[in-house]
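# Reading the structure
Residues per chain are reported as follows:
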Amino acid sequence: MTIALTRAVSPALAQCELTHIDRVSIDVNRARLQHCEYENALRRLGVEVKALEAEPELPDSVFVEDTAVVLDELAVMTRPGAVSRRAEVQTIAQALAPYRKLAWVPEPATIDGGDVLRFGKTLYVGLSTRSNEACIGALRALVQPFGYRVQGVALSGCLHLKTAVTAISGERLLINPNWVNPGDFGSAAFVEVHPNEPFGANALLIGEAVIYPTTFPRTLERVAQFVKTIECVDVSELAKAEGAVTCCSLVLE
């Protein structure tokens, strides 16, 4: 059974942290409807959704991915780069505890889960405004005993590593090569986003299927050449808070 941990949209979403996009009005009710449809897309792919209640005082808390790195052997609880987001971690830890042994990233490291891309037994970590150099060694100490390799990756122009690159299969990555160097990912095969859709590199891989935003139709055509089952969802309101499809769930077997 595949489980996805989600959390409802906070009524304070409009006060979210922003780094690379301008602040615009967010329709919270519409964001909630989009989030519900995202959860339904997970269910259509056979995923059991475990939804947590909203955190009214934590604007970004719908983006649960940033609070943990979930592996087969353990869940690494992060130390988010934005101080305002660190209070999100404890309730996610409580929700993950029945399923995984927990480990914690110590100070002075900061790391957001959105900066960690697992591809095989390598954890690629984006060195962003949220995840610092110290997190590389801290994460390596926690996961190396389980056979994982940790590699830092430079990025620019975007919030998280997974804004620039995500997996669409066990062998292939969807990538914006203007924001991250394809050469950093070894022998992986790539699908490049359409040049007019720079934010189109974020896809959520569920088994052999993908959840993908409706906002990027030209990149979707490219993805569809390699992925048979694609669930398209509208997350345009959540995107105004620098959110995307990977951000809104923690997926575990």
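Quick summary incoming for the structure in this document. All figures in this text were calculated on a predicted structure; none of them were measured in a lab. (Residues numbered from 1 in each chain as written. Predicted model: local features only at pLDDT ≥ 70, side-chain atom pairs only at ≥ 80, totals over all residues. Heavy atoms only, no water.)

For K162, the location among the structural elements is in helix α4 (residues 161-164). Classification of K162 by relative accessible area gives buried; the value is 15%. The residues contacting K162, other than those within four sequence positions of it, are E65, G113, G114, V116, L117, A201, N202 and T246. (Helix = DSSP H or I, 4+ residues; strand = E, 2+ residues; numbered from the N terminus. Buried < 20%, exposed > 50% of the residue type's maximum accessible area, 1.4 Å probe, protein only. Contact = heavy atoms within 4.5 Å.)

So, about the side chain of H160. One can find H160 in the loop between β8 (149-154) and α4. Overall, the relative accessible area of 4% leaves H160 in the buried class. For H160, the side chain forms a polar contact with the side chain of D112, separated by 2.8 Å. H160 has contacts with D66, D112, G114, D115, R130 and L155, leaving out every residue within four places of it along the chain. (Polar contact = N/O pair within 3.5 Å; in protein donor to acceptor, adjacent residues only side chain to side chain.)

Turning next to the sheet that holds β8. A sheet is described by the order of its strands in space; here 3 strands give the open sequence β6-β7-β8, paired in mixed fashion. The open sheet terminates on both sides in strands that have one partner only, identified here as β6 (116-119) and β8. Averaged over all neighbouring strand pairs, the angle between strand axes comes to 25°, with direction disregarded. Here β6 runs beside strand β7 (residues 122-127); their pairing, made up of 4 bridges, is antiparallel. Its bridge partner lying in β7, L117 is registered against Y124. Where helix α3 (residues 134-143) meets the sheet, its contacts fall on β7 and β8, and the angle it forms with β7 comes to roughly 160°. (Pairing = 2+ DSSP bridges. Axes fitted to C-alpha atoms, helices over the stretch in contact; angles between N-to-C directions.)

What follows is about the layout of surface pockets. If you add up the space inside the largest pocket, you get close to 850 Å³. If you go around the largest pocket, you meet 31 residues; those closest to its centre are V70, R118, K162, L205 and V251. No other element matches β6, which puts 4 residues into the lining of the largest pocket. Here the residues of the lining of the largest pocket sort into 16 nonpolar, 9 polar and 6 charged. Roughly 370 Å³ of internal volume is contained in the second largest pocket. Lining the second largest pocket are 21 residues, and of these T163, F199, A239, G243 and A244 lie nearest its centre. Contributing elements (two or more residues each) for the lining of the second largest pocket: α4 and α6 (236-239). Here the lining of the second largest pocket is composed, by residue class, of 10 nonpolar, 8 polar and 3 charged. (1 Å grid on protein atoms, 1.4 Å probe; cavity = no way out; pocket = protein on both sides within 12 Å on 5 of 7 lines; lining within 4 Å. Points joined across faces, edges and corners; volume = space filled by probe spheres on them. Nonpolar A, V, L, I, M, F, W, Y, C, P; charged D, E, K, R; others polar.)

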